[in-house]
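Here are the chains, one letter per residue:
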Amino acid sequence: MILYCLISSFLNAVTSLVLGGVIASKKPRDARTITFTFVTLSIAVWSTFYFLWQIAPDAGEALRYVHFFSAAAILIPILYFHFVTKLTDRPHSWELLAGYILVAPLLPLSFTSLIVTGVRTRMMFRFWPEPGILYPAYLGLFFYFLIRSWYLLYQEYRQSSFLRRNQLRYVLAYTVLGFAGGATNFLLWYNISLPPVGNILVGVYMVGVGYAVVRFRLMEFDLLVARIVTYGLLIGLLAALVPGLIEVISRVVPGGIEPGDSVVLFLVSLVVTAGLFRLIPSIRRRVDAALEQRVLGDRLPDRGRLRSLISRISSAEDEAALHQEVVAGVGDALDVAKVSIYTRTEFETNFTRRATSPNWTGSAPQFADDSPVAKALQGSGRSLLVAETEHDAAGELRAHFVELRRVQGIELVVPVIGDTFFYGFIVFGPRMGHALYTGVDVSLLEAIGLQVGLSLRARQLERRASQTEKLISLGTLAAGLAHELRNPLVSIQTFSSLLKERGTDADFQQEFGAVVQRDVNRIASIVENVSAFAESNKVDMTAVDLSEVLRTVAEIVRPELVRTGIPLNLPDRSVPLIRGNHSQLLQVFLNLIQNALQALEGRAGATLTLGYETHLNDVAIPLVCVTVQDNGPGIDSALQPHIFDPFTTTKATGERRGKNGMGLGLAIVKRIVQYHRGEINVSSTPGRGTVFRVYLPQIS
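All values reported here derive from a predicted model rather than from experimental measurement. (Residues numbered from 1 in each chain as written. Predicted model: local features only at pLDDT ≥ 70, side-chain atom pairs only at ≥ 80, totals over all residues. Heavy atoms only, no water.)

Colleague: Where do I start with the overall build of the protein chain in this structure?
Modeller: Counting secondary structure elements, the protein chain contains 22 helices and 14 strands. For the protein chain, buried positions account for 44% of its 700 residues. In the protein chain, the proportion of contacts linking residues at least 24 apart, taken out of those at least 6 apart, comes to 68%. Carbon together with sulfur atoms contributes 60% to the accessible area of the protein chain, which is approximately 35700 Å² in total. (Helix = DSSP H or I, 4+ residues; strand = E, 2+ residues; numbered from the N terminus. Buried < 20%, exposed > 50% of the residue type's maximum accessible area, 1.4 Å probe, protein only. Contact = heavy atoms within 4.5 Å. Areas by Shrake-Rupley, 256 points an atom, 1.4 Å probe, with all protein chains shown as cover.)

What follows is the structure in structure tokens.
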């Protein structure tokens, strides 16, 4: 027991000093932290002299240390009561004044025989203190201010909102625990044979109350209590193993434990300790899992839904669907009736409400970039619990957060950040049944906010890339269009300039008419193809049989096949169904086959083969790959990277006739394939042939 008192008093002293310093550094100007710091210092002084008293070599030195820790003990209850008045915002100035007036004379008297008359042996303690005539006055002050503190905490608890209640539950529970443990020191003073078994609870009390002062929402109170009780029991059982073994051996072995048995006991203890050392992490994981399932069983599925929501956000079709998915998902998972998401683009300064739950009625609050909420979120990058911020703020800032919580009904604000850009935030009203937003919940919500931010960032970059690609395509299109239109326009211009001189010439009129008709048709074809390339292609999608599409293409080009004598080999088995538009897919493969026939024309031994293969296991979604392969002259390697760009063609200007050879066919093909959520690529070896591969999603 003496060793226990030494260890517990040492731990209490260290814990109090460290905790006091940490809390004071967290909120150095807050009245609650200041008063609580004084409580920690008084307990640290009490614990320090308590420790020195235990190791005192003689009665005189022990009595001196008793005087010192008695003085510190006299200060503890009034300082704690002062802290509680600050915590509950209940001044009780007359009680405080009376308490300090009563304590003031007791402090110097604690160094006289009026408080402690001396020391004597009690149980295993050599120098236990004897109470003086005024010691009951100290006990009266101790229990009066302790009970008054509990009463103030209980009153505030009953009148507070659910979040504030959680803080006060911490303080109440740990106060009862700590002071009950500390009160076990009083019993031996009055000849009650019970040692101070609760000494260590003083340190536990300090940690618990300090945690509640700094932050009071990060852990479910019920789970924390369950863990403390469970781990306390487990530690007690583990601590009893070796003493229990010694007791069993002393009873079973005749003559008790001999000196030589200590080696055996040491080896047994070593084996047991090594085994426990290996098992403790596993035991702790299992205990935590069991406690969470037991205490938080009804809340665990909610967290599972939040985790699954994180993975669903990135698959939303557009930003509107993403916002609505977030609002509906978190509202359902956490039983929150009021959820809204506010975001902005990189060009906006105000945040716009993008989506809101149906139960959020009334006008929506407006948030600018310089609003207190936005500043707080951007400054910390962490979630903002409005009640905590209101609790810590002052003046106009506090009034702002009071209005947010009490008028607008906002309890929690979670930032939406993508990369380094602050896109906005998600606001939450109170949970059903006044449940808490716990640390795990807030962490998951912050992960959702980050995922939303990253999705918005990715879509922003995608829009920029798309815009850049469009500008590049527009430049290419404009350059190609100018080139294609220049030749027919020059011809028309040349002949028009000769009209005055040769307008009456019948041959000239016939030639001029033919040239104009030819070149106007050419210009019309160019405009038609450009229009086909630029249109949105918003057409209906249905199940399409690619085998039937390929057979239809073969029928269309049959006259050309007969004329050129080029064989066309079709797939010898059915091609799987895909989802698409029959007419557009017909245009894709017709264009590819016509290009191949033009390349093969006049080539000896020319062949054209259509094939397909499926990709099921090595891709995210099942794909069908249709190949169009020829053994023609191939495509120059320098031209291959640009083969799908507008107005890129292998034909010389003189070889372009009608709609052929303008370089828009493959650009249109690629646009259609991409609209079908597919991909097209080409591989070609000059002199040996070309293979086009069209990948399209298969209907599973």
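Colleague: When you look at the side chain of Ser340 in this model, what are you seeing that I'm missing?
Modeller: Here Ser340 shows up in strand β3 (residues 339–343). Ser340 sits in the buried class, given a relative accessible area of 0%. Looking at Ser340, its side chain comes within polar contact range of the side chain of Thr356, at 2.6 Å. If we skip the residues at most four places from it in the chain, Ser340 touches Val327, Arg353, Ala355, Thr356, Trp360, Phe425, Ile426 and Val427. (Polar contact = N/O pair within 3.5 Å; in protein donor to acceptor, adjacent residues only side chain to side chain.)

Colleague: Just checking my understanding: could you explain the sheet that holds strand β7 (residues 421–428) for this structure?
Modeller: Strands in a sheet are paired, the pairing made by backbone hydrogen bonds, and the direction either parallel or antiparallel. Taken in spatial order, the five strands of this open sheet run β4-β3-β7-β6-β5, and their pairing is antiparallel. The open sheet has two edge strands with one neighbour each: β4 (352–356) and β5 (384–385). Sheet topology places β3 next to β7; five bridges connect them, and they run antiparallel. Counted as the bridge partner of Val339 is Phe428 from β7. Across the sheet, helix α12 (residues 319–334) is in contact with β3, β4 and β7; its angle to β3 comes to roughly 150°. (Pairing = 2+ DSSP bridges. Axes fitted to C-alpha atoms, helices over the stretch in contact; angles between N-to-C directions.)

Colleague: What's the story with the nonpolar core in this structure? I'm lost.
Modeller: Looking at soluble globular proteins, one finds that nonpolar side chains tend to be buried together. Core analysis: the largest hydrophobic core is formed by 48 residues, its most contacted members being Trp53, Tyr80, Tyr138 and Leu153. Where this core is concerned, the elements lending two or more residues are α2 (31–54), α3 (59–88), α4 (93–109), β2 (125–131), α5 (135–159) and α6 (162–183). Among the elements that take part in this core, α3 stands out by supplying 15 residues, more than any other. Not counting residues within four places of it along the chain, the set of residues in contact with Trp53 comprises Ala62, Tyr65, Val66, Phe69, Phe127, Trp128 and Pro129. (Core = buried A, V, L, I, M, F, W, Y, C linked by side-chain atoms within 4.5 Å.)

Colleague: When you look at the pattern of salt bridges in this model, what are you seeing that I'm missing?
Modeller: Opposite charge on two side chains allows them to pair when their charged atoms are near. The tally for this structure, following the rule as stated, stands at six salt bridges. Between Arg120 and Glu130 there is a salt bridge whose closest N-O contact spans 3.7 Å. Here Arg120 is found in strand β1 (residues 116–122), whereas its partner Glu130 is found in strand β2, with 10 residues between them in sequence. Through salt bridges with shared partners, a single network forms among Glu560, Arg563 and Glu601. (Salt bridge = Lys/Arg side-chain N within 4 Å of Asp/Glu carboxyl O.)

Colleague: I would appreciate a short explanation of unusual backbone geometry in the present structure.
Modeller: Apart from glycine, the bulk of residues carry a negative phi angle, and the bulk of peptide bonds sit in the trans form. One non-glycine residue, Arg677, lies in the positive phi region at around 60°. Mapping Arg677 onto the fold places it in the loop between α22 (665–675) and β13 (679–685). Relative accessible area serves as the criterion here: at 72%, Arg677 is assigned to the exposed category.

Colleague: Is there a simple way to explain the pairing of strand β12 (residues 623–630) in this structure?
Modeller: Look at any regular strand and the pattern is simple: side chains alternate between the two faces of the sheet. Along β12, seven of the eight residues are buried, which leaves the element largely enclosed by surrounding structure. Sheet topology note: the strand β11 (residues 608–615)/β12 ladder contains eight bridges and is antiparallel. Residue Leu608 lies in a different strand from β12, and its bridge partner there is Asp630. Relative to strand β14 (residues 689–697), β12 runs antiparallel, the two sharing eight bridges. Looking across to β14, one finds that Thr627 is bridged to Arg693.

Colleague: Help me out: how do you make sense of the environment of Arg551 in this one?
Modeller: Of note, Arg551 is situated in helix α19 (residues 546–556). What makes Arg551 partly exposed here is its relative accessible area of 46%.

Colleague: Whenever I open this one, empty space enclosed by the protein confuses me. Can you help?
Modeller: A probe matching the size of a water molecule, rolled over the atoms, marks out where space remains unfilled. Counted under the stated rule, the structure contains one cavity of 30 Å³ or more. The calculated volume of the largest cavity comes to roughly 290 Å³. As for the largest cavity, its lining consists of 24 residues, of which Trp46, Ala73, Tyr138, Gly182 and Phe186 are closest to the centre. Those elements that provide at least two residues to the lining of the largest cavity are α2, α3, β2, α5, α6 and α7 (201–214). Counting residues per element, the lining of the largest cavity draws most heavily on α3, which supplies five residues. (1 Å grid on protein atoms, 1.4 Å probe; cavity = no way out; pocket = protein on both sides within 12 Å on 5 of 7 lines; lining within 4 Å. Points joined across faces, edges and corners; volume = space filled by probe spheres on them.)

These figures come from the coordinates and say nothing about function on their own.
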